[in-house]
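Residue-level listing of the chains:
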Amino acid sequence: MTAAGPRLARLRPRRSLRTVFALSFAAIASLVTMLVGFLSYDAAARMVRVDQDRIFHGVVGDLVHQVEQQHLSPHDYYSSDPDHDGPRDELTRRMRTDVQVLGPGGTVADRGSPALPVTHQDRRAATDIKPGRTVRHQATIAGEHFRVATVALGDGRGAVQVAQQFSDTEDLLDNLQQRTTLLAAAVISGSGILGWWLARRITRRLVRLTGVAEGVAASRRLDVHVPAAGKDEVGRLGRAFDDMLGRLADSEELQRRLVQDAGHELRTPLTSLRTNAELLDRIDDLPEAARATLISDMQSETRELTDLVNELIELAVGHRDSEEPVEVPLAEAVEKAAALARRRTGRDIVVHADDTVVRARPAALHRAVSNLLENAAKFDQGGDEPIEAVVAGPSVEVRDRGPGLAEADLPRIFDRFYRAEAARSLPGSGLGLAIVQAVATAHDGTTYARNRPGGGAVIGFSLGTPVQGPGGATAPRA
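A short tour of the structure in this document, coming up. (Residues numbered from 1 in each chain as written. Predicted model: local features only at pLDDT ≥ 70, side-chain atom pairs only at ≥ 80, totals over all residues. Heavy atoms only, no water.)

1. Quick look at the overall build of the chain
Line of reasoning, step 1. Helix and strand content of the chain: 10 helices and 12 strands.
Line of reasoning, step 2. Within the chain, buried positions represent 38% of all 478 residues.
Line of reasoning, step 3. Taking all contacts inside the chain whose residues are at least 6 apart in sequence as the whole, residues at least 24 apart take part in 63%.
Line of reasoning, step 4. Accessible surface computed for the chain: about 28,000 Å², of which carbon and sulfur atoms make up 55%. (Helix = DSSP H or I, 4+ residues; strand = E, 2+ residues; numbered from the N terminus. Buried < 20%, exposed > 50% of the residue type's maximum accessible area, 1.4 Å probe, protein only. Contact = heavy atoms within 4.5 Å. Areas by Shrake-Rupley, 256 points an atom, 1.4 Å probe, with all protein chains shown as cover.)

Written out as structure tokens, the structure is:
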């Protein structure tokens with residue numbers, strides 16, 4: 001996207017979800033209303049037109065029946081009948097029909113109201129010998145449209161014309177169309193208002209949640225109240241967003257503490273290295289023993305600093321998460337870590353393990369067990385009894401015969417950079433057991449620590465549900 005792209009996107013007016021909902025409701029209601037209105041009007045118009053046509057054909061049929069069954073003359077259809085009980089009245093009783101009477105030869109004997117036009121076919125019908133012969137056509141009189149039927153009286157006595165006005169029917173349909181249009185407009189307007197109200201009600205909590213999210217993005221503050229009412233999707237979104245902010249706040253706090261603690265822990269070896277580096281300028285003036293001590297101190301501080309930086313990187317970046325979990329026999333993993341610890345510390349390490357198989361990240365598991373063994377070796381220096389590594393189900397624990405754990409230290413030994421009073425003079429970063437806890441947590445497990453009967457400590461961790469339990473029993477998988 002070019003630089004002008006984001007600017008154009010910012011210049012475009014933003015359409016809110018509420019507006020989209022309201023317009024959608026109005027559009028759907030409009031479409032449905034227009035469709036229903038059109039179909040209703042079309043059905044009504046068809047029914048009216050068919051009904052009017054049926055009535056007109058019925059009147060013409062009655063007229064044909066009259067002239068075929070009775071020997072009638074033009075005089076019988078005159079409008080001057082005082083009793084209004086003649087055949088003409090039978091024709092006009094069913095509907096308002098215009099009747100005009102033609103005499104012999106097709107001349108107008110009794111004019112209709114309005115007067116109907118007489119065509120050549122009409123005159124021929126008036127002179128027809130056979131009664132009931134019918135001629136149909138349409139006519140326009142003073143701008144009004146009529147359907148006309150001329151029925152012969154027979155024997156050349158004349159004919160009777162009946163006409164039905166189209167305009168009455170069309171006026172009725174026009175009126176119906178206007179009413180339908182007004183009703184559709186009212187429904188569309190009402191649906192727009194109702195749609196806006198519904199959209200506002202539906203999106204009210206979502207709008208508040210959006211405001212909170214925008215406020216968090218603008219202020220970078222995570223300690224804000226998130227509206228999370230309701231059990232629907234919006235409520236679930238609010239609770240998920242609140243939980244996310246809580247996790248971000250915890251992560252930010254942990255990151256801040258990690259930086260502070262790391263700075264504090266790094267300061268000591270760096271200060272020592274700087275002091276020793278200043279002595280290097282006059283190393284030639286130092287006695288041989290002092291030179292050896294200086295070089296040994298710098299090597300020791302460098303190793304401590306390297307170990308601390310590596311553990312900080314592993315703890316902060318979370319290298320263990322890049323591994324794919326695989327099925328790992330715990331006995332095999334603990335034995336490998338014990339073999340490495342024997343070479344590093346020179347201590348006798350005994351492994352007691354069952355055949356439990358877990359799904360874990362091998363490198364992370366190895367790191368956790370190695371940290372437990374090295375921690376035991378550090379506190380049990382010069383011990384006569386071997387260090388024990390025990391695998392019991394999904395739990396791995398290391399037992400030593402060191403000085404044990406003070407009650408005040410038990411709740412905090414897995415904290416980052418925490419070092420017990422007895423360990424202040426020993427090498428270490430205070431991150432080893434914190435990494436053990438991080439590995440256990442990443443595998444849905446826990447850590448624990450207690451004093452060992454007869455002296456010493458027991459420190460260990462447990463992982464999630466094993467793939468295969470002791471004795472080869474297969475555990476149920478999630």
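Structure's up, so let's keep going.
2. Concerning helix 8 (residues 330-345)
Line of reasoning, step 1. Relative to the 22 Å expected for 16 residues at 1.5 Å per residue, helix 8 spans 22 Å between its end C-alpha atoms, a close match to the ideal helical length.
Line of reasoning, step 2. Its buried side turned inward, helix 8 meets strand 6 (326-329), strand 7 (349-353), strand 8 (357-360), helix 9 (362-379), strand 9 (387-392) and strand 10 (395-399).
Line of reasoning, step 3. Phi turns positive, to about 75°, at glycine 346, one or two residues after helix 8. (Expected span 1.5 Å × (residues − 1).)

3. Regarding a positive patch on the surface
Line of reasoning, step 1. A cluster of basic residues, Arg200, Arg201, Arg204 and Arg208, forms a positive patch at the surface.
Line of reasoning, step 2. Tracing the sequence through the fold places arginine 201 in helix 5 (residues 166-219). (Patch = residues over 30% accessible without salt bridge, like charges linked within 9 Å, V, L, I, M, F, W, Y side chains within 5 Å. Salt bridge = Lys/Arg side-chain N within 4 Å of Asp/Glu carboxyl O. Lys, Arg positive; Asp, Glu negative; His and termini not counted. Charge placed at Lys NZ, Arg CZ, Asp CG, Glu CD.)

4. What about the sheet that holds strand 2 (residues 108-110)?
Paired through backbone hydrogen bonds, the strands of a sheet run either parallel or antiparallel to each other.
Line of reasoning, step 1. Spatial ordering of the open sheet is given by 2-1-5-4-3, a layout of 5 strands whose pairing is antiparallel. The two strands at the open ends of the sheet, each matched to only one other strand, are strand 2 and strand 3 (134-141). For this sheet, the mean angle separating the axes of adjacent strands, direction not counted, is 30°.
Line of reasoning, step 2. Taken together, the 2 bridges between strand 1 (residues 98-102) and strand 2 define a ladder with antiparallel strand orientation. (Pairing = 2+ DSSP bridges. Axes fitted to C-alpha atoms, helices over the stretch in contact; angles between N-to-C directions.)

5. Here's the deal with the side chain of aspartate 98
Line of reasoning, step 1. With respect to the helices and strands, aspartate 98 occurs in strand 1.
Line of reasoning, step 2. A distance of 2.9 Å separates a polar side-chain atom of aspartate 98 from the backbone nitrogen of serine 113.
Line of reasoning, step 3. Apart from residues lying up to four places away in sequence, aspartate 98 is in contact with Gly112, Ser113, Pro114, Leu116, Gln161, Val162 and Ala163. (Polar contact = N/O pair within 3.5 Å; in protein donor to acceptor, adjacent residues only side chain to side chain.)

6. As for the pairing of strand 9
Line of reasoning, step 1. Burial analysis of strand 9 places 5 of its 6 residues in the buried class, the great majority of the element.
Line of reasoning, step 2. Bridging between strand 7 and strand 9 involves 5 bridges; their strand directions are parallel. Counterpart to isoleucine 349 in the pairing with strand 9 is isoleucine 387.
Line of reasoning, step 3. If you look at the hairpin formed by strand 9 and strand 10, you'll find 2 residues sitting between the two strands, and glycine 393 has a positive phi there, around 65°.

7. Concerning the pairing of strand 4 (residues 144-152)
Line of reasoning, step 1. Most of strand 4 is tucked away: 7 of the 9 residues are buried.
Line of reasoning, step 2. Two successive antiparallel strands, strand 3 and strand 4, enclose a turn made up of 2 residues, where alanine 142 displays a positive phi of approximately 50°.
Line of reasoning, step 3. Sheet analysis places strand 4 next to strand 5 (residues 159-165), joined by 7 bridges and oriented antiparallel. For threonine 150, the partnering residue across the bridge sits in strand 5 and is glutamine 161.
Line of reasoning, step 4. If you look at the hairpin formed by strand 4 and strand 5, you'll find 6 residues sitting between the two strands, and glycine 154 has a positive phi there, around 95°.

8. Quick word on the nonpolar core
Line of reasoning, step 1. With 35 residues, the main nonpolar core has Leu365, Val369, Leu373 and Phe461 as its most contacted residues.
Line of reasoning, step 2. Contributions of two or more residues to this core are made by helix 8, strand 8, helix 9, strand 9, strand 10, helix 10 (432-442) and strand 12 (457-462).
Line of reasoning, step 3. Ranked by residue count, the leading element in this core is helix 9, at 8 residues.
Line of reasoning, step 4. Contact partners of leucine 373, with chain neighbours within four places excluded, come to Ala337, Ala338, Ala341, Ile349, Ile387, Ala389 and Val398.
Line of reasoning, step 5. Core analysis: the second largest hydrophobic core is formed by 17 residues, Val64, Leu72, Leu153 and Val162 among them. (Core = buried A, V, L, I, M, F, W, Y, C linked by side-chain atoms within 4.5 Å.)

9. Description of the sheet that holds strand 12
Line of reasoning, step 1. Strand order in the open sheet formed by 5 strands is 7-9-10-12-11, and the pairing between neighbours is mixed. Bordering the open sheet on either side are strand 7 and strand 11 (446-451), each of which pairs with just one other strand. Neighbour-to-neighbour, the strand axes of the sheet open up by a mean angle of 15°, direction not taken into account.
Line of reasoning, step 2. As paired elements, strand 11 and strand 12 share 6 bridges and run antiparallel to each other.

10. As for the side chain of histidine 443
Line of reasoning, step 1. Mapped onto the fold, histidine 443 is located in the loop between helix 10 and strand 11.
Line of reasoning, step 2. Look at histidine 443 and you get buried, because its relative accessible area is 9%.
Line of reasoning, step 3. Within the structure, histidine 443 has its side chain in polar contact with the backbone nitrogen of arginine 361 (distance 3.0 Å).
Line of reasoning, step 4. Those residues in contact with histidine 443, other than ones at most four positions away along the chain, are Arg359, Ala360, Arg361, Ala364, Leu463 and Gly464.

11. Comments concerning the packing of helix 9 against helix 10
For any two helices packed against each other, one specifies the crossing angle of their axes together with the interaxial distance.
Line of reasoning, step 1. Between helix 9 and helix 10, whose axes approach to 9 Å, the crossing angle comes to 145°. Both helix 9 and helix 10 take part in a crossing whose hand is left-handed. Facing helix 9, whose interface residues are Ala364, Leu365, Arg367, Ala368, Asn371, Leu372 and Asn375, helix 10 presents Gly432, Leu433, Ile435, Val436 and Val439.
Line of reasoning, step 2. A breakdown of the residues in the contact of helix 9 with helix 10 according to their chemical character gives 8 nonpolar, 3 polar and 1 charged. (Left-handed = near helix turned anticlockwise from the far one by under 90°. Nonpolar A, V, L, I, M, F, W, Y, C, P; charged D, E, K, R; others polar.)

12. Some thoughts on a nonpolar patch on the surface
Line of reasoning, step 1. Taken together, Phe25, Leu194, Trp197, Leu198 and Ile202 make up a surface patch of nonpolar side chains, about 450 Å² in accessible area.
Line of reasoning, step 2. No other element matches the 4 residues that helix 5 contributes to the nonpolar patch.
Line of reasoning, step 3. Relative to the helices and strands, phenylalanine 25 is located in helix 2 (residues 17-69).

Keep in mind that these numbers describe shape and distance, not what the molecule does.
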